[in-house]
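So the chains spell out like this:
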Amino acid sequence: MSKLPPVLQNLSLPVIGSPLFIISNPKLVIEQCKAGVVGSMPALNARPAELLDEWLAEITETLAAYNKANPDKPAAPFAINQIVHKSNDRLEHDMQVCAKYKVPIIITSLGAREDVNQAVHAWGGVVLHDIINNKFAHKAIEKGADGLIAVAAGAGGHAGTKSPFALIQEIRQWFDGPLALSGSIASGGAVLAAQVMGADFGYIGSAFIATHEARASEAYKQAIVDGNSDDIVYSNLFTGVHGNYLAPSIRAAGMDPDNLPESDPSKMNFGGDAKKAWKDIWGCGQGIGSISAVTSTAELVAKLRSEYEAARARLKL
Ligand SMILES: Cc1cc2nc3c(=O)[nH]c(=O)nc-3n(C[C@H](O)[C@H](O)[C@H](O)COP(=O)(O)O)c2cc1C
C-alpha cells in the first residue's frame, strides 16, 4: 500500500467511480460519495460551460450537509475530470470554476500539463493522471501529477492494451504514490485483486452506467445488463483513439462491428462531434458480465462492498 494524501485515506471501500463522458452527473457523483467511494465526472458534461458552477455548488453543498448530518460516516471526496487536450477550448474556464470550489481531486486525461498540476496544488487539490503505459506514467509524474490511474486492457472508453499485471508491476518498480487500476473491474473481488497486485484503488466506470442515477438511455443500461466481454469491440473509428464499445450500438448505427474501418488519427476530437459519437456508439468495458440488473448507485456499491469483504474472508486477509 502506498503513502496516500489525506484526501484519499479512509475511503470505506477502495474504489474511485470513474468519469464518464455524457453519463456522469451531479446525482451520480453525490450518490457515489455518500456510498463511500470517490465520485467523479468530466467538467465537459456540464453544457453550456456556465452550468459547471451550478453543478459544483450542488455537489459541494449536498455533501457538506450530508457530512454535517453523518459525522461518523462522512462522504468520500469527489473528483472532476479535465480533458487536457488541445481540442478542449474550455479548459481555462473549467479550471477557474474548479479553483472557486477547491475541488479535492482533479483527474487529468489525454495530456499532462505542469501548469494545470500547479494550479490544482495551489488550491490544495490532488491530481491523478490517467496513463496507458509506463512511459506516460513517468511523464505524468515528472510534470507534477500526484498519482496515477493505470488504464489497462478491457477498460471502457479510451482503453489501453496492456495487461494490468504488467502495467502495475512496471509502475510499482519506481512509483510508490497513489495508484488506481482501471479496466474491467466490476466486482468487489476484482477491487481486492487490484490491491493485491499493488494498486491502491479499483477505478470503475462501466458498472456505474447500469445505475438509476447514470444519464444513459434505458436501452444502453439494459445492453450492459445483457452483455458480456464477447459484446465489446475495440476500435479507433469513433474518436480517432482506440476505445471499447458495445457491439449492439454499432449494429444499430448501421455498421458491422466485426468489420470496422480504421480511423484517421488527425481527426481526433473531443468537442461537439465526440458528443454525437458517444451518444450513439456506447462506450463500455469488458467487465460487465458481473452486472445482472440496473440498480441504484447505493445498491451497486453495497454489492461491491459485500463481494470485497467475502473475497477478503475467503483469502483470510
Ligand atoms: C461511456 C464511457 C465514457 C467515458 N468517458 C471518459 C471521460 O470523459 N474521461 C475519462 O477520463 N475517462 C472516460 N472513460 C474511461 C473511464 O473513466 C474508465 O477508465 C473506464 O471506464 C474504466 O474501465 P471500465 O469501464 O471497464 O470500468 C469513459 C468510459 C466509458 C465507458
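Structure first, text after, so check above.
Definitions and cut-offs
- For every chain, the first residue of its written sequence is number 1, and the numbers climb from 1 along that sequence.
- With pLDDT at 70 or above as the cut-off, local features in this predicted model cover only qualifying residues; side-chain atom pairs require 80 or more to be listed or tallied, and sums for whole chains, interfaces and linings still use all residues.
- Side-chain numbers come from the whole structure's heavy atoms, not from hydrogens or water.
- Distances are taken per atom, and a residue is near a molecule or strand as soon as one of its heavy atoms is within 4 Å of it.
- In protein, a polar contact requires one atom able to donate a hydrogen and another able to accept it; more generally it is a pair of N or O atoms within 3.5 Å, and residues adjacent in sequence count only if both atoms are side-chain atoms.
- Under the convention used here, a 1.4 Å probe and the Shrake-Rupley method define accessible areas, while residue burial counts only the protein chains that appear.
- Only DSSP runs of H or I reaching four residues or more are called helices, and only runs of E reaching two or more are called strands; each is numbered from the N terminus.
- Burial here depends on accessible area, computed with a 1.4 Å probe over protein chains only, as a share of the maximum for the residue type. Under 20% is buried, over 50% is exposed, and the range in between is partly exposed.
- The contact definition used throughout considers only heavy atoms, calling two residues in contact when any of these lie within 4.5 Å.
- The arc in question is traced by the directions running from the helix axis to the C-beta atoms.
- Note on pairing: two strands pair once DSSP finds at least 2 bridges between them.
- Note on handedness: a crossover is taken as right-handed if, strands pointing away from the viewer, the path from the first strand over the helix to the second is clockwise.

Chemist: Got a sec to walk through the site of the ligand? Specific residues and values, please.
Modeler: Surveying the vicinity of the ligand reveals 27 residues, the closest of which are Phe21, Asn81, Ser109, Ser184 and Ser206. One of the side-chain nitrogen or oxygen atoms of Ser18 is found 3.1 Å away from an oxygen atom of the ligand. Separating an oxygen atom of the ligand from a side-chain N or O atom of Ser206 is a distance of 2.5 Å. Calculation on the ligand without its partners gives an accessible area of 600 Å², and the protein chains cover 94% of this total. For the shell around the ligand, the secondary-structure elements that each account for two or more residues are β3 (78-83) and β8 (201-204).

Chemist: Kindly report on the environment of Ala199, identifying the contributing residues and their values.
Modeler: Along the chain, the position of Ala199 falls in the loop between α7 (188-197) and β8. Its relative accessible area of 1% is what places Ala199 among the buried residues. Residues Ala199 and Asp72 lie 127 residues apart in sequence; the distance between their C-alpha atoms is 27 Å. Contact partners of Ala199, with chain neighbours within four places excluded, come to Ile168, Leu179, Leu181 and Ala194.

Chemist: Could you give an account of unusual backbone geometry, naming the residues involved and the relevant values?
Modeler: The linkage connecting Arg47 with the following residue, Pro48, adopts the cis geometry, with an omega of 0°. Even without a glycine there, the phi angle at Asn10 is positive, about 65°. You can call Asn10 exposed: its relative accessible area is 75%. The phi torsion at Ser184 lies on the positive side, around 70°, for a residue other than glycine.

Chemist: Describe α7, naming the residues involved and giving the relevant values.
Modeler: Within α7, burial applies to Gly188, Val191, Leu192, Ala194 and Gln195. Taken end-on, α7 shows its buried residues confined to a sector of 155°, consistent with a single buried face. On its buried face, α7 sits against β1 (15-17), β7 (179-182), β8 and α12 (297-314). Taken from the residues just after α7, Gly198 is the one with a positive phi, measuring 125°.

Chemist: If you had to explain helix α5 (residues 134-142) to someone new, which residues and values would you point to?
Modeler: Of all the positions in α5, only Asn134, Ala137 and Ala140 are classed as buried. Looking down the long axis of α5, one finds its buried residues gathered within 115° of arc, a one-sided arrangement. For α5, the exposed residues lying more than 90 degrees away from the buried face are Lys135 and Glu142. At its buried positions, α5 is contacted by β5 (126-131), β6 (147-151) and α6 (164-172). In this structure Asn133 caps α5, since a side-chain oxygen of it lies 3.2 Å from the backbone nitrogen of Lys135. Immediately beyond the C-terminal end of α5, within one or two residues, lies Gly144, with a positive phi of roughly 105°.

Chemist: Provide a residue-level description of the pairing of strand β10 (residues 243-246), including the pertinent values.
Modeler: Here β10 shows a buried face lined by Gly243 and Tyr245 and a second buried face lined by Asn244 and Leu246. In this structure, strand β9 (residues 232-235) lies alongside β10, joined through four bridges in antiparallel fashion. Bridge assignment links Ile232 to a residue of β10, and that residue is Leu246.

Chemist: Run through the pairing of β7, naming residues and quoting values.
Modeler: The side-chain alternation of β7 yields two buried faces, one formed by Leu179 and Leu181 and the other by Ala180 and Ser182. Bridging between β6 and β7 involves four bridges; their strand directions are parallel. In the sheet register, Val151 faces β7, and the bridge partner there is Ser182. As a crossover connection, the stretch from β6 through α6 into β7 is right-handed. Alignment of β7 against β8, held across three bridges, turns out to be parallel. Pairing of Leu181 across the sheet is with Gly202, part of β8. In this view, the connection linking β7 to its parallel neighbour β8 by way of α7 has right-handed handedness.

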